[in-house]
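Now for the letters of each chain:
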Amino acid sequence: MSGQTKLLTMEGISKTFGKAVIALNNVQFELEAGEIHALLGENGAGKSTLIKVLTGVEERDEGEILLEGKKIHPKSTNEAQQVGISTVYQEVNLCPNLSVAENIYIGRAPKTKMGAIDWAAMSRDAKELLKKFDLHLDVSKRLDNYSVAIQQMVAIARASDIQAKVLILDEPTSSLSKVEVDKLFEIMRRLKAEGMGIIFVTHFLDQVYEVTDRITVLRNGTYVGTYKTAELPRMELVSKMIGKDYAVLNQSLKEGQVEKEGTKTGDELISMKGVSHQGSITGMDLSIAKGEVLGLSGLLGSGRSETARVLFGIDQVNSGELYINGEKVHLKHPIDAIRKDLAFCPENRKTEGIIGDLSIRDNMALALQAKKGLFKKISKKEAQRIADEYIEKLEIKTPDADQLIKNLSGGNQQKVILARWLATNPQLLMLDEPTRGIDIGTKAEIQKIVIDLAAQGMAVLFISSELDEELRCCRRIVVLKDMEKAGEVVGDNISEGAVMQIMAGGEK
Amino acid sequence: MKEKLRIKNISLTMTIVLFLVMFIFGSVRYEHFFSLSTFLNLFNDNAYLMIAGIGITFVLITGGIDISISSTIAFTGVFMAYSLQRGIPSYVVIPMALIIGIVVGAVQGSLIHYFRLQPFIVTLAGQFLMRGLCVVISEASIPITDPFFKFMALGRIQIKLGDSKALNGKIYYYVLIFVAVLLIGLYVLKKTPFGRAVYAIGGSEQSAELMGLNVARTKIGAYIISSFCASLAGVVFSFYTLAGYGLQNMGMELDAISSAVIGGTLLTGGVGSVFGTAVGAMIQGIIQTIVTYENLNTWWTKVTIAGLLCFFIVVQRIIAVRAEAMKGKELAAA
Amino acid sequence: GSAAPETAATTAPATTVEETETPKADAPATDVGSEKLVVGFAQIGQESGWRDAETMSIQTYASEHTDTVELKFADAQQKQENQIKAIKSFIEQDVDVIGLAPVVETGWDQVFAEAQDAGIPIILLDRTADVDESLYATFIGSDFIEEGKEAARQMAELIGGKGKIVELEGTVGASAATDRKTGFDEEIAANYPDIEIVASQTGDFTRAQGKEVMESFLKSNPDIVGVYAHNDDMALGAIEAIKEAGLKPGEDIVTVSVDGVKGIFEAMVAGEANCTVECNPLLGPLFFETAAKLKNGESVEKWVKSVDGVFTSDIAADVIDSRAY
Amino acid sequence: MKNKQYKITQNQAFWPVIIFLTIILFNTVMTRGEFLSISIVDGHFYGRIIDIFRNGGKLMILAAGMTMVLATGGTDISVGSVMAISGAIACSIIRGNLLPGLGGSVAAAIIFAVCAGILCGLWNGFLVAQIKIQPIVATMILLVAGRGIAQLITSGKIITINSDAYYFINGGYILGLPFPLYIVLFLVGILLLFVHRTSFGLFLESIGCNSLASKFAGIKVNRYLLAIYTISGAFASVAGLIESAGIKGADCNNAGLNIELDAILAVAIGGTNLMGGRFSIFASVIGALIVQSITTTVLALGVPAAYIRVLKALLIIVICLSQSGKFKVLFGRKLESKKKEAVVL
Ligand SMILES: Nc1ncnc2c1ncn2[C@@H]1O[C@H](COP(=O)(O)OP(=O)(O)OP(=O)(O)O)[C@@H](O)[C@H]1O
Ligand SMILES: Nc1ncnc2c1ncn2[C@@H]1O[C@H](COP(=O)(O)OP(=O)(O)OP(=O)(O)O)[C@@H](O)[C@H]1O
Ligand SMILES: [Mg+2]
Ligand SMILES: [Mg+2]
């Protein structure tokens, strides 16, 4: 029931950061009541910025925003909420020290007749609300007792409960499991039926086609166009997003595929024998050979990240043995692993990856510097050379290497972290969700890089929640379940079905 | 429900237990120690510290810090004494002193919030400024002779629970101000949107902003409360000493902060309670009393408080680490 | 002029004279309750060598008379709050007499009233308190204004009644500082029109600040002939500064200070300082004397003046060995 | 040429140096040149500028150590107490009250005092790095206890000493310049060399921005934290020696009282972000000179000492505002919009 009234119109929106970064340039957008509208684009296309401008987090330079025909100019999220715009931002934005119930209701808590906060009513309401999401939590527990996925659901619950006209979801699904995503879609459809307009940002094209009515595409901060989802074929959508013909892109991927087939695996590099770490993994046997891309698959919380953490010396081996190049090692700190030519891109970019206030150059040089030690300082010239090399190689979107990394978009930050590790010239590269929150074009690039690196003899441990990505890159996939190795599929046996079956419980 | 406040409660419970243990220890060990008046004197002598501590707790929960409070206390004292000396009546002087507190807090809070300046540095400037102004107004200590102040200084309620001397004690009227501040503080933090926003900002300022809370108002509000309480503490302190003196209460902000930490407030923000702060101040008071009774070098007071601080902080850390480990296990089990 | 014979006796006049009497004073106490004289003393803290000497004097007396005297001692670390709390716990402990060297003059009404209610007399030591006379029993100490006046007379004599001088003040607001300034300035203004005090700033009673302030004085007023410091410590700091400026302390610039600590005697012997107006800190014996009297209900004067002397560099060498602090 | 200009003004120490020079200039004008005059007295230089450098020595040393602590996002408020401890130990040894077997050796006194400073620093570092206590709380423990410990060492008395060798630490001159200046040059020089010739600086900044990510990048965060708190403690003990040599004794009550505030202020004036990240030791040292020169200014102008605090307060606000990005944005925007209008016209 896509209505006639234009719920929201944005016109001629421009936004620059500093002097060099033009995040948005004369962008337009419109949303009708009762529609789910996808906002798509590559990393750094300006999606999050557009949303921030809309909700008053960032001040726009130019442009107009009309809500139900009336000009609005919110200066803060609070004002945006008051006029009826409710938002779930890209990163989880809740208060870890407050209870679940409070996180949902803070700022609009039920009151007693005396005007005091009614805690009992709040808990009751929160329980009721979360039930709609099939979440049965102790809502009086602190939020940080729960996993990121649950926190994300709580954030969505909060936003959906606010009596809003416009609901904005900026990549809400990146840390959700399939079941949770389905739940979310159900709720979105219901809200849509109630006449709410929903803006949905995602990098999962399947999801776009599953729930959205229309699509607006941004590229490099400019408006590309708005299309009916049903009328826009996938291929075309992708080429609009990346500005290249999809066929070309596909070709390059195919080449990767071919190379992958041609890859010969070399000697064994890593071998874990019955490795356990208290509270995370138990009795893990794993071996990785040179020139191999090993996929690590499993459901959320199955222990994939934990395996990588142990391999990288972040968590210590409590029992079992770990061999690198046939030599038994005890890794006490990441630096021990780095000195053994291991590298690790962690999954939480913001907290474990980037050093926000340092430049791209310093961020890239950091691991190499740590590897070389305190006294062998990398000269500024050398660091600049490394930075320039990788900015070009990985096509990082930035005016220069002096930019602070925190000002890059998520995908570009990820590439800088990747560059940090490539600069150390590792034998094993561990990538934990390297493409989370990354657009399809960059995703393909990263996959290609991975395959290229393997072809050059590097071993890669590839962890991804997107199965098709693993299927595309890996010759061997180890499936984890409940902190243990549940099975393995190799070569021609690799298929979605085979992996799923092991995940689901049946061994083979 | 039990789980929610676990960390905070354990350290608060420990604080209360510790207080009782010390009181019993003192009573057993020293003659005259066990008496109602020893207990009530903790309030009589620390009321101003507790009031200021309650105020600073708001700021600490937001994750900020306010080291200007001791100067605010001294400044309001000097200001009032000076004005009273000039013949301005007390019913004008006291509200003016409180307004000064509010203004100081509003200015500091605004500088911190709108210009993103460091709370430590801004309140350091506030500390210097007010301490300096004190001496600019008057170098000497100015006595207060105003009848209302005299009344508040000397007026007290005799409490007689029995005939024995140990069951007698007295409470000065100004202690009631502390009781009121404590009750209001408890209510505001637990039951008002403002209070909850204070906690939210301590948890994550950015999140609070994005959740649509009015961060500016809350943060500045916390600094206003802190300075207001400091000026109120200044009023109580001038009841206590009947004078205004510019060098009074040097370094007292540390006592207030230690009280909060001993009472379970995390200086990283997000966790804390005004009740805990009051108990923290009482513990420091009782240590001081015991040191006097023991006839030790009074520097042992400081050393003991530091030891206690250390103990509490380490325990809080251990509890936090444990909680994390537990969480890991629970998730693994799920 | 300085009275040399008199000063010889001031080494510890109170002690020597009274010590013989002490047992007598205590004897009635033993008769009355056959118990010791319990005294609580709230000391300011440790701010200078002078105060250390006072503390020592009290503690030594108590430790030498453990059979008759019991001392409860609290160091307030320069904070009035701490002193008040200490006094209150002395009241709780039901001591016989409370001694106090008040950190500031004001702010004692409440706690003194409590002591009065409990029937415990208060002795103020070396500093006065700005309270109603009825609230304390007696004040033992010197007359700071008189010290200032004496210092002015000494200064005038040293510089021949004319010239520019500077003044290093004590901690702002402290009665010792205010009174020593008042006495000095008044005496100069009244009797020595040719002496000009060209600069006066606080050195906070400490050596470090005395030195820093003097350094500055010397640069803005190169032609000064004398420095008056409210205590010896600041004078010692000033001497350093004078030396650094390439001048001879004691000759090019004369010094007059108050207290009479050992350090200044050493400086006088070395010819680097000229005069100190003693402010006797050895008040222990006198204090306990008075306390015993009060316990026994004997009357004491409202102001028991301690006996102080004046020492100049000429006699410094003779008396230095007999200085106890 | 233009490029170079750009670089100089971008340097973190640029504004502090300008401010310092302005203060000097202001004083020179106010005192009609007296402020700048330097003469030679007894074979050493003599003048207010020399005073600033000598009296500011302690603060420069503390600020250098404090800069690194702040760069890691920490803070060390115990430096004043460490100064008191170091002075107490040194003077007690020289007096023979402590370790009389050493016969009052000045060298031993210095070594033990610095060792005590290192121990204090290790303790702070241990609490911060190993127990993971917030720096301000961790160092508050020593701040509160330290002065008490110093008092217990001196059994609550001011200890005066008589040792020309020891006095030299504060009052001595080499080549006409005060000895503390050489200590500063030596310590700060070594530190600067270390920070710039090695990757120490990069690691500290990285730890200050995001210590978890730094650990993941292979930096031994705990080791560096321990190191910088130790350096800060050691520097504080040296400052304590200078101070106690200056007063020829140990005054546990007043030694280094509230100096941690001045040290942090100096770093802030130097433009280092107190939350961690980018830092400049040189700028902080200039910041320390600015703080010291305020005191000297007030004394030189004969203004009541009370105004030192007021002046410092105003200066803090002005400097912080001028460094505040937000402030620049607010006012820069106004300027820019004016410029734009001008273009349109
Ligand atoms: N605060 C900032 N300062 C400077 N540049 C910024 C800032 N915020 C965003 N940018 C830049 O603006 C551009 C748009 O970023 P935005 O976050 O909107 O991208 P996005 O489309 O959401 O990307 P992603 O899919 O990676 O989240 C990027 O080039 C980014 O580097
Ligand atoms: N947000 C979180 N908060 C606390 N613990 C977490 C969180 N995320 C994961 N964990 C811990 O890590 C364990 C394993 O999660 P891990 O990240 O290794 O799983 P994974 O298979 O890599 O899943 P994914 O990376 O998709 O989340 C969980 O059981 C839990 O103990
Ligand atoms: Mg985005
Ligand atoms: Mg994971």
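Residues numbered from 1 in each chain as written. Chains lettered and ligands numbered in written order. Predicted model: local features only at pLDDT ≥ 70, side-chain atom pairs only at ≥ 80, totals over all residues. Heavy atoms only, no water.

(A) Quick peek at the overall build of chain A. Across its full length, chain A carries 18 helices and 20 strands. The C-alpha radius of gyration of chain A comes to 24 Å, within 12% of the 23 Å expected for a compact globule of 508 residues. With the C-alpha coordinates aligned to their principal axes, the bounding extent of chain A is approximately 70 × 50 × 45 Å. Considering only intrachain contacts with a sequence separation of at least 6, the fraction spanning at least 24 residues in chain A is 66%. When the accessible area of chain A is evaluated, it comes to approximately 20,400 Å², of which 47% is carbon and sulfur surface. Between the centroid of the 66 positive side chains of chain A and the centroid of its 72 negative side chains there is a distance of 3 Å. (Helix = DSSP H or I, 4+ residues; strand = E, 2+ residues; numbered from the N terminus. Rg over C-alpha atoms; globule rule 2.2 N^0.38 Å. Contact = heavy atoms within 4.5 Å. Areas by Shrake-Rupley, 256 points an atom, 1.4 Å probe, with all protein chains shown as cover. Lys, Arg positive; Asp, Glu negative; His and termini not counted. Charge placed at Lys NZ, Arg CZ, Asp CG, Glu CD.)

(B) Representation of the coordination of the magnesium ion (ligand 4) within the structure. All names here are of chain A. Donor atoms from the polypeptide that bind the magnesium ion (ligand 4) are Ser-305 (OG), Glu-347 (OE) and Glu-347 (OE), placed at 1.8 to 2.7 Å. With a gap of 42 residues between them, Ser-305 in helix H10 (residues 304–311) and Glu-347 in the loop between strand E16 (342–345) and helix H12 (349–353) connect regions that are remote in the sequence. Accessibility expressed as a relative area gives 25% for Glu-347, which makes it partly exposed. (Donors = N, O, S within 2.8 Å, 3.2 Å for Na, K, Ca; no water. Buried < 20%, exposed > 50% of the residue type's maximum accessible area, 1.4 Å probe, protein only.)

(C) How the structure looks around the sheet that holds strand E3 (residues 97–100) of chain C. All names here are of chain C. Strands sit in the order E2-E1-E3-E4-E5-E11 across an open sheet of six strands; the sheet is parallel. The sheet is open, and its two edges are formed by strand E2 (69–75) and strand E11 (303–305), each paired on a single side. Taking each pair of neighbouring strands and ignoring which way they run, the sheet shows an average axis angle of 20°. In terms of strand pairing, strand E5 (residues 138–141) meets E11 through three bridges, oriented parallel. Across the sheet, the residue bridging to Ile-140 is Val-304, located in E11. Along the sheet, helix H4 (residues 49–64) contacts strand E1 (37–43), E2 and strand E4 (122–125); its crossing angle with E2, the most-contacted strand, is approximately 155°. (Pairing = 2+ DSSP bridges. Axes fitted to C-alpha atoms, helices over the stretch in contact; angles between N-to-C directions.)

(D) Geometry of the interface of chain B and chain A. Each partner contributes residues to the interface: chain B has 30 residues there, and chain A has 32 residues. Regarding the contact of chain B and chain A, the summed buried area is about 2,600 Å², with carbon and sulfur atoms giving 59% of it. Here chain B and chain A share one salt bridge between them. Glu-102 of chain A is the salt-bridge partner of Arg-196 of chain B, the closest N and O atoms lying 2.5 Å from each other. (Buried area = accessible area lost by both parts, 1.4 Å probe. Salt bridge = Lys/Arg side-chain N within 4 Å of Asp/Glu carboxyl O.)

(E) Region of interest: the interface of chain B and chain D. The interface of chain B with chain D comprises 39 residues on the first partner and 41 residues on the second. A buried area of about 3,600 Å², summed over both sides, lies between chain B and chain D, and 83% of it is on carbon and sulfur atoms. At the boundary of chain B and chain D, one finds zero salt bridges. Viewed at the interface, chain D and chain B are joined by two residue pairs in polar contact (both at pLDDT 80 or more). Of all elements in the fold, only helix H4 (90–114), helix H5 (119–137), helix H11 (252–262) and helix H13 (299–333) of chain B reach the threshold of two or more residues within the side of chain B that touches chain D. (Polar contact = N/O pair within 3.5 Å; in protein donor to acceptor, adjacent residues only side chain to side chain.)

(F) Structural view of H5 of chain B. With 19 residues, H5 of chain B ought to run about 27 Å at 1.5 Å a step, and its terminal C-alpha atoms sit 26 Å apart, in line with that. Counting buried positions over the 19 residues of H5 of chain B gives 15, a clear majority of the element. (Expected span 1.5 Å × (residues − 1).)

(G) Focus on the site of ligand 1. Residue and element names in this part refer to chain A. Asn-43, Gly-44, Ser-48, Thr-49 and Asn-407 are the nearest of the 19 residues found near ligand 1. Between Ala-45 and ligand 1, the recorded distance is 3.2 Å, taken from a backbone N or O atom to an oxygen atom. With respect to ligand 1, the side chain of Ser-48 contributes an N or O atom lying 2.7 Å from an oxygen atom. Computed on the free molecule, ligand 1 has an accessible area of 640 Å², of which 86% lies beneath the protein chains in the complex. (Near = heavy atom within 4 Å.)

(H) Structural detail: the nonpolar core. One finds Leu-428 of chain A, Phe-178 of chain B, Phe-112 of chain C together with Tyr-166 of chain D to be the most contacted residues of the largest nonpolar core, which totals 375 residues. The element that contributes the greatest number of residues to this core is helix H2 (residues 36–61) of chain B, accounting for 16 residues. In this structure Phe-112 of chain C touches Ile-87, Leu-100, Ile-122, Leu-124, Ala-129, Val-131, Leu-135 and Tyr-136 of chain C, once residues within four positions along its chain are discounted. (Core = buried A, V, L, I, M, F, W, Y, C linked by side-chain atoms within 4.5 Å.)

(I) Structural view of the arrangement of the chains. The interface with the most contacts, out of five pairs of chains in contact, is the one formed by chains B and D. Note that chain A does not reach chain C: the shortest distance linking a C-alpha of one to a C-alpha of the other is 37 Å.

(J) Structural context of the confidence of the model for chain A. Taken residue by residue, chain A gives an average pLDDT of 84. The fraction at 70 or more is 93%. For chain A, the element scoring lowest by mean pLDDT is helix H9 (residues 246–262) of chain A, at 55; E16 of chain A scores highest, at 93. (pLDDT = per-residue confidence, 0-100.)

(K) Broad picture of the state of the cysteines. Within the structure shown, the criterion is met by zero disulfides over all chains. Not engaged in a disulfide, the cysteine Cys-91 of chain D finds its nearest cysteine sulfur in Cys-252 of chain D; these two sulfurs lie 8.7 Å apart. (Disulfide = S-S within 2.5 Å.)

(L) The arrangement of the packing of aromatic side chains in detail. Enumeration according to the criterion identifies 39 aromatic pairs over all chains in this entry. Ring geometry for Phe-23 of chain B against Phe-39 of chain B: centres 6.1 Å apart, planes inclined by 90°, an arrangement best described as edge-to-face. Taken together, the positions of Phe-23 of chain B in helix H1 (residues 6–29) and Phe-39 of chain B in helix H2 put the pair 16 residues apart, joining distant regions of the chain. We classify Phe-39 of chain B as partly exposed; its relative accessible area is 29%. Put simply, the rings of Phe-19, Phe-23, Phe-25, Tyr-30, Phe-33, Phe-34, Phe-39, Phe-43, Phe-178 and Tyr-293 of chain B pair up and form one aromatic cluster. For the cation-ring pair, Lys-302 of chain C lies above Tyr-136 of chain C, with the distance from its terminal atom to the ring centre recorded as 5.1 Å. Across the ring face of Tyr-167 of chain D, the terminal group of Lys-248 of chain D is positioned such that the distance to the ring centre comes to 3.9 Å. (Phe/Tyr/Trp six-rings, centres within 6.5 Å; stacked < 30°, edge-to-face > 60°. Lys NZ or Arg CZ within 6 Å of the ring centre and 35° of its normal.)

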